[in-house]
Every structure is written in structure tokens, then in C-alpha cells.
Amino acid sequence: VQLQASGGGLVQAGGSLRLSCVASEPTFRSSAMGWFRQAPGEPREFVAAINWTGRQTLYADSVKGRFTISKDNAKKTVHLQMNSLKPGDTARYYCAANHAYRGSPSSQRDEYDYWGQGTKVTVSS
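In this text, all values refer to a predicted model and were calculated from it rather than measured experimentally.

Each value, and the rule that gives it
Residues numbered from 1 in each chain as written. Predicted model: local features only at pLDDT ≥ 70, side-chain atom pairs only at ≥ 80, totals over all residues. Heavy atoms only, no water. Phe/Tyr/Trp six-rings, centres within 6.5 Å; stacked < 30°, edge-to-face > 60°. Helix = DSSP H or I, 4+ residues; strand = E, 2+ residues; numbered from the N terminus. Buried < 20%, exposed > 50% of the residue type's maximum accessible area, 1.4 Å probe, protein only. Contact = heavy atoms within 4.5 Å. Polar contact = N/O pair within 3.5 Å; in protein donor to acceptor, adjacent residues only side chain to side chain.

## Quick look at the packing of aromatic side chains
For the coordinates displayed, the defined rule picks out 4 aromatic pairs. Seen in terms of ring centroids, Phe-36 and Phe-46 are 5.7 Å apart; in terms of plane orientation they differ by 70°. Their pairing is edge-to-face. One end of the pair, Phe-36, is in strand 4 (residues 32-38); the other, Phe-46, is in strand 5 (residues 45-50), with 10 residues separating them in the sequence. Note on Phe-46: relative accessible area 13%, which makes it buried. When the centroid spacing of 5.3 Å and the interplanar angle of 80° are considered together, the rings of Phe-36 and Tyr-112 count as edge-to-face.

As C-alpha cells, this is what we get:
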């Protein structure tokens, strides 16, 4: 499975961005998906996850109430709507797939099989 992320850019604090991640394979429909981010010099951290049906979601405390993850199985796409952005949200954002996993959304990096190349988000103050 190849994952192509897009939608990053430069935005002022308080603004919004919508990230998208398109999967290359129809098997995406049976995959749980996650978004992670990595700031320079920092470890990659969990942001949000969604289960394979799209009905269950999980968020990091730092983004809860500001970010929304959604999944469109027909379009093999997962989105991350980011509102009320803060300078601390600046990072490269990576989408990831947990292929054929039908459990609850996971925040554990090791449980994801496939990773996209990332898209850069910069939030200015």
C-alpha cells in the first residue's frame, strides 16, 4: 500500500488546514488509519487515529477539540481537519495504515504497517 499525503503549508496561528492521504490499494477499506507528526529534533508522536469503518476515532490530548480525522473508503482517503492551529503544531505530518486491523483505533506507532512520505505544516505566531 502506498500512501500519498498532501495539504500542508504555512498558516498563521488560529488558522486551519486540511490534510489528505490517499491510498493506492482498494484494501485501504479494511485498514485502520492514523496521523502522526514529527517536529525537528523531536520523536514522532501520535496525533489521531480512526478505525477501519470510520466510526471510531482517537486523539492525542494536545489536539482534542481542534483536529478531526475522517475516512472516505470510497475514495481511499483519510483526512485530518486542523482548526485553531498553534505554533506548537508545526511539524511534518505523516499518515499511516494498519492493514486489515479491525480493532479500536491505536496510538502505537509499531502497529502501523505502511507510512506516507509526510506533508509539512508550519504555523506562524
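Further notes follow.
## A look at the environment of Gln-81
Tracing the backbone shows Gln-81 in strand 8 (residues 77-82). On the accessibility criterion, Gln-81 (26% relative accessible area) is partly exposed. C-alpha separation for the pair Gln-81 and Phe-67, spaced 14 residues apart in sequence, amounts to 5.5 Å. Apart from the residues within four sequence positions on either side, Gln-81 is in contact with Ser-16, Leu-17, Arg-18, Arg-66, Phe-67 and Thr-68. Engagement of the side chain of Gln-81 in a polar contact is seen with the side chain of Asn-83, the distance being 2.9 Å.

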